[in-house]
Amino acid sequence: KNQVEQSPQSLIILEGKNCTLQCNYTVSPFSNLRWYKQDTGRGPVSLTIMTFSENTKSNGRYTATLDADTKQSSLHITASQLSDSASYICVVSARNNDMRFGAGTRLTVKP
Amino acid sequence: DGGITQSPKYLFRKEGQNVTLSCEQNLNHDAMYWYRQDPGQGLRLIYYSQIVNDFQKGDIAEGYSVSREKKESFPLTVTSAQKNPTAFYLCASSIVAGAIYEQYFGPGTRLTVT
């Protein structure tokens, strides 16, 4: 069964610190992996998309990595800001267009 | 939230009543989607439409219905047959259907049924 597991479930960090969120998946055959940011009560917004051949992609202070062999991805946030407080969702798509959403990691950045 | 609007933001209904959630997009996208989001779970696909007058069931279509009479609009009706309708509902669109194409999400509608 195609699944996406994210860890940790929630995370609290101090402003200015770095953090890394994890995503493990069993989706196969793999097509692409996206990271979304979802503010409370709002719709998700895409941060990055990675295909099989890509192992790193950055978007400002956000850097996503992908290891297609171990079926793992991470999202690293550098120099966190209060506005980074949100849920971060990993979405993995198969080549048949089946998309599977992780439950998300709830990040809280405190001053 | 791009050019996708959902209304209302909050909706309250009594059990046994049907309710329709609105979704409109001005992005000229062919594909539109409805998802349901529950605490501690990933988004689950209810219905999607690749083109006007066509739609397909997603993973959890039971108790829901949709229509796609116009390219811009994809309303979702939550019927009384849906056993647990209280949830956050998200509408999305993409230029065409296909996982490689980014989906743009609306702001969501939180439905509470008592």
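Because the structure is predicted, anything quoted here is derived from the model rather than measured. (Residues numbered from 1 in each chain as written. Chains lettered and ligands numbered in written order. Predicted model: local features only at pLDDT ≥ 70, side-chain atom pairs only at ≥ 80, totals over all residues. Heavy atoms only, no water.)

## Remarks on the state of the cysteines
Two cysteines, two sulfur atoms, one covalent bond between them: this is a disulfide.
Here comes step 1: All told, the structure shown has two disulfides over all chains when counted by the stated rule.
Here comes step 2: Disulfide partner of A:Cys23: A:Cys90, at an S-S distance of 2.0 Å. Measuring the twist about the S-S bond at about -70 degrees, one finds the A:Cys23-A:Cys90 disulfide to be left-handed. A residue pair is termed long-range when its members are at least 10 positions apart, and A:Cys23 in strand 3 (residues 19–25) and A:Cys90 in strand 9 (residues 86–94) qualify at 67 residues.
Here comes step 3: The disulfide partner of B:Cys23 is B:Cys91, and the S-S distance across this bridge is 1.9 Å. Measuring handedness by torsion sign, the sulfur bridge of B:Cys23 and B:Cys91 sits at about -70 degrees and is left-handed. Highlighted residues: B:Cys23 in strand 3 (residues 19–25) and B:Cys91 in strand 9 (residues 87–94), separated in sequence by 68 residues. Here B:Cys23 matches B:Cys91 in class, with each residue buried. (Disulfide = S-S within 2.5 Å. Helix = DSSP H or I, 4+ residues; strand = E, 2+ residues; numbered from the N terminus. Buried < 20%, exposed > 50% of the residue type's maximum accessible area, 1.4 Å probe, protein only.)

## Describing the layout of surface pockets
Here comes step 1: Quantified by volume, the largest pocket comes out at close to 1,100 Å³.
Here comes step 2: Forming the walls of the largest pocket are 46 residues, and the residues nearest its centre are A:Phe101, A:Gly102, B:Gln41, B:Gly42 and B:Leu43.
Here comes step 3: Those elements that provide at least two residues to the lining of the largest pocket are strand 1 (4–7), strand 9, strand 10 (99–101) and strand 11 (105–110) of chain A together with strand 4 (31–37) and strand 5 (44–51) of chain B.
Here comes step 4: In terms of residue count, strand 5 of chain B provides more of the lining of the largest pocket than any other element does, four residues in total.
Here comes step 5: In terms of residue class, the lining of the largest pocket is built from 14 nonpolar, 20 polar and 12 charged.
Here comes step 6: Roughly 170 Å³ of internal volume is contained in the second largest pocket.
Here comes step 7: As for the second largest pocket, its lining consists of 14 residues, and the residues nearest its centre are B:Glu15, B:Gln82, B:Lys83, B:Pro85 and B:Val113.
Here comes step 8: For the lining of the second largest pocket, a count of residues per class yields five nonpolar, seven polar and two charged. (1 Å grid on protein atoms, 1.4 Å probe; cavity = no way out; pocket = protein on both sides within 12 Å on 5 of 7 lines; lining within 4 Å. Points joined across faces, edges and corners; volume = space filled by probe spheres on them. Nonpolar A, V, L, I, M, F, W, Y, C, P; charged D, E, K, R; others polar.)

## Considering the interface of chain A and chain B
Here comes step 1: Each partner contributes to the interface: chain A provides 19 residues, whereas chain B provides 20 residues.
Here comes step 2: Buried surface at the junction of chain A and chain B, summed over both partners, amounts to about 1,600 Å²; 51% is from carbon and sulfur atoms.
Here comes step 3: In this assembly, chain A and chain B are joined by one salt bridge.
Here comes step 4: A salt bridge links A:Arg100 to B:Asp59; the shortest N-O distance between them is 3.2 Å.
Here comes step 5: For the pair chain A and chain B, the interface holds eight residue pairs in polar contact (both at pLDDT 80 or more).
Here comes step 6: Within the residue set of the side of chain A that touches chain B, elements represented by two or more residues are strand 4 (30–38), strand 5 (45–51), strand 9 and strand 10 of chain A. (Contact = heavy atoms within 4.5 Å. Buried area = accessible area lost by both parts, 1.4 Å probe. Salt bridge = Lys/Arg side-chain N within 4 Å of Asp/Glu carboxyl O. Polar contact = N/O pair within 3.5 Å; in protein donor to acceptor, adjacent residues only side chain to side chain.)

## Section: the pairing of strand 6 (residues 56–59) of chain A
Residue and element names in this part refer to chain A.
Here comes step 1: Bridge count between strand 6 and strand 7 (residues 62–67): four bridges; the pairing is antiparallel. Bridge pairing links Ser58 to Thr63 in strand 7.
Here comes step 2: If you look at the hairpin formed by strand 6 and strand 7, you'll find two residues sitting between the two strands, and Gly60 has a positive phi there, around 65 degrees. (Pairing = 2+ DSSP bridges.)

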